[in-house]
Amino acid sequence: MATDPVNPLEKQAPQDGPAASAETAPGHLVEFDQVVKRYGDHVVLDNLDFTVERGQHVTLIGPSGSGKTTILRLLMTLERVSDGVIRVGGEPFSHVLGADGKLKPAGEKHQRQIRKKIGMVFQQFNLFPNMNVLQNITEAPVNVLGVDRAEAEERARELLELVGLREKVTAHPTQLSGGQQQRVAIARALAMRPEILLLDEVTSALDPELVAGVLDVLRNIAHTTDITMLCVTHEMSFARDISDTVLMFDAGRVVESGSPEQIFTEPAHERTRGFLSAVL
């Protein structure tokens, strides 16, 4: 793609409010500190520790049920931690500091404020069927962030250019292919100017011939912007191409982490070798 379409993402310099303070916050951009997530007696995340630096692209790989998607759901506040603390931009996300100086579980208002820094693209596209493409992209910036509608529409058109769908402004989701719907979903997530982009198996619901177009859009974003990305995928070639760090998960723990070259060429852990031999 040409260089111009990435301009909307280059406009993400912090302005006023929480995004600005997060930009200068010390420490890691995302930190999981002894995080446990359990459902009854079933432990999905087991004292999980890992960090993501600003601008880093981290990919989570591993078998189904190993806890990868749960990490993203915790960051989107679709789930709550059972134990441990999540920090975003250097401040507690899952918790708040009480008057006694101790951390206590955060309320929805606190999490919603920090969550504005985070965008997510899901397996399913989740577009509003009664809205056209432009409306799908501008709905949240206007109603959640309070962006002027004309400004939101201008940015939406720039993002549609980025994802190769500028001619689909007035189309409704039912008039789009699955790959086109997912590219609209990517544009919608970026319209919120997130510091962190979460990607949850974004090609798993697509027909094989539509996968390449979506991955090309994400490669372009990864290679031409400094947006932080946390990605769950079974597309190993994509993970190898866009990642700074790859984390191999099993049973709610990180069993191995390293560069794509190290993980995919010389994995140290037998569980990693077994997983990659099954999926590659």
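Below is a short write-up of the structure. These figures come from a predicted structure and were not determined experimentally. (Residues numbered from 1 in each chain as written. Predicted model: local features only at pLDDT ≥ 70, side-chain atom pairs only at ≥ 80, totals over all residues. Heavy atoms only, no water.)

Before going further, it helps to examine the overall build of the chain. When you go through the chain residue by residue, the secondary structure sums to 11 helices and 12 strands. By the compact-globule yardstick of 19 Å for 280 residues, the chain fits well, its C-alpha radius of gyration being 19 Å. For the chain, the spread of C-alpha atoms along the three principal axes comes to 50 × 50 × 35 Å. When burial is assessed residue by residue, the chain has 50% of its 280 residues classed as buried. Pairs at least 24 residues apart make up 65% of the contacts formed inside the chain by residues separated by at least 6 positions. Surface summary for the chain: the accessible area is close to 12,700 Å², and the carbon and sulfur share equals 47%. (Helix = DSSP H or I, 4+ residues; strand = E, 2+ residues; numbered from the N terminus. Rg over C-alpha atoms; globule rule 2.2 N^0.38 Å. Buried < 20%, exposed > 50% of the residue type's maximum accessible area, 1.4 Å probe, protein only. Contact = heavy atoms within 4.5 Å. Areas by Shrake-Rupley, 256 points an atom, 1.4 Å probe, with all protein chains shown as cover.)

What follows is about the layout of surface pockets. Looking at the second largest pocket, its volume works out to about 550 Å³. If you trace the second largest pocket, you find 18 residues lining it, with Met76, Ile118, Ala140, Arg188 and Met192 closest to the centre. When contributions to the lining of the second largest pocket are tallied by element, the ones reaching two or more residues are helix H4 (108–115), strand S8 (118–121), helix H5 (133–143) and helix H7 (178–190). Its residues assigned to classes, the lining of the second largest pocket shows 10 nonpolar, 3 polar and 5 charged. (1 Å grid on protein atoms, 1.4 Å probe; cavity = no way out; pocket = protein on both sides within 12 Å on 5 of 7 lines; lining within 4 Å. Points joined across faces, edges and corners; volume = space filled by probe spheres on them. Nonpolar A, V, L, I, M, F, W, Y, C, P; charged D, E, K, R; others polar.)

Summed over all chains, the structure comprises 2 aromatic pairs. Ring centres 4.9 Å apart and planes at 20° place the aromatic pair Phe32 and Phe50 in the stacked group. Residue Phe32 is located in strand S1 (residues 30–39), and its partner Phe50 is located in strand S2 (residues 42–52); the two are separated by 18 residues in the primary sequence. Its relative accessible area of 7% is what places Phe50 among the buried residues. Ring geometry for Phe50 against Phe249: centres 6.5 Å apart, planes inclined by 90°, an arrangement best described as edge-to-face. Of the two residues, Phe50 sits in strand S2 while Phe249 sits in strand S11 (residues 245–250), which places them 199 residues apart along the sequence. Residues Phe50 and Phe249 agree in their burial class; the two are buried. Among the aromatic side chains, those forming a connected cluster through ring pairs are Phe32, Phe50 and Phe249. (Phe/Tyr/Trp six-rings, centres within 6.5 Å; stacked < 30°, edge-to-face > 60°.)

One can find Met76 in the loop between helix H3 (68–75) and strand S4 (83–88). Taking C-alpha positions, Met76 is 9.8 Å from Ile114, a pair spaced 38 residues apart along the chain. Aside from chain neighbours lying at most four places away, what touches Met76 is Arg115, Ile118, Met120 and Leu198.

Here we come to the sheet that holds S4. Read from one edge to the other, the open sheet built from 4 strands follows the order S2-S1-S4-S5, with strand pairing classed as antiparallel. Of all strands in the sheet, those bounded by a partner on one side alone are S2 and strand S5 (91–92). Across 7 bridges, the pairing between S1 and S2 is antiparallel. Bridge pairing links Val35 to Leu48 in S2. (Pairing = 2+ DSSP bridges.)

With 6 of its 8 residues buried, H3 lies for the most part within the structure. Of all the positions in H3, only Lys68, Thr70, Ile71, Leu72, Leu74 and Leu75 are classed as buried. Within two residues after H3, Thr77 carries a phi angle of roughly 60°, on the positive side.

It is worth spelling out the sheet that holds strand S10 (residues 228–232) at this point. Taken in spatial order, the 6 strands line up as S8-S9-S10-S3-S11-S12 in an open sheet, and their pairing is mixed. The strands lining the two open edges of the sheet, one partner per strand, are S8 and strand S12 (253–258). Each neighbouring strand pair of the sheet contributes to a mean axis angle of 20°, computed without reference to strand direction. Of the pairings in the sheet, the one linking strand S3 (residues 57–61) to S10 comprises 4 bridges and is parallel in character. Counted as the bridge partner of Val58 is Leu230 from S10. Those strands touched by helix H11 (residues 270–279) are S3, S11 and S12, and its axis lies near 95° from that of S11. (Axes fitted to C-alpha atoms, helices over the stretch in contact; angles between N-to-C directions.)

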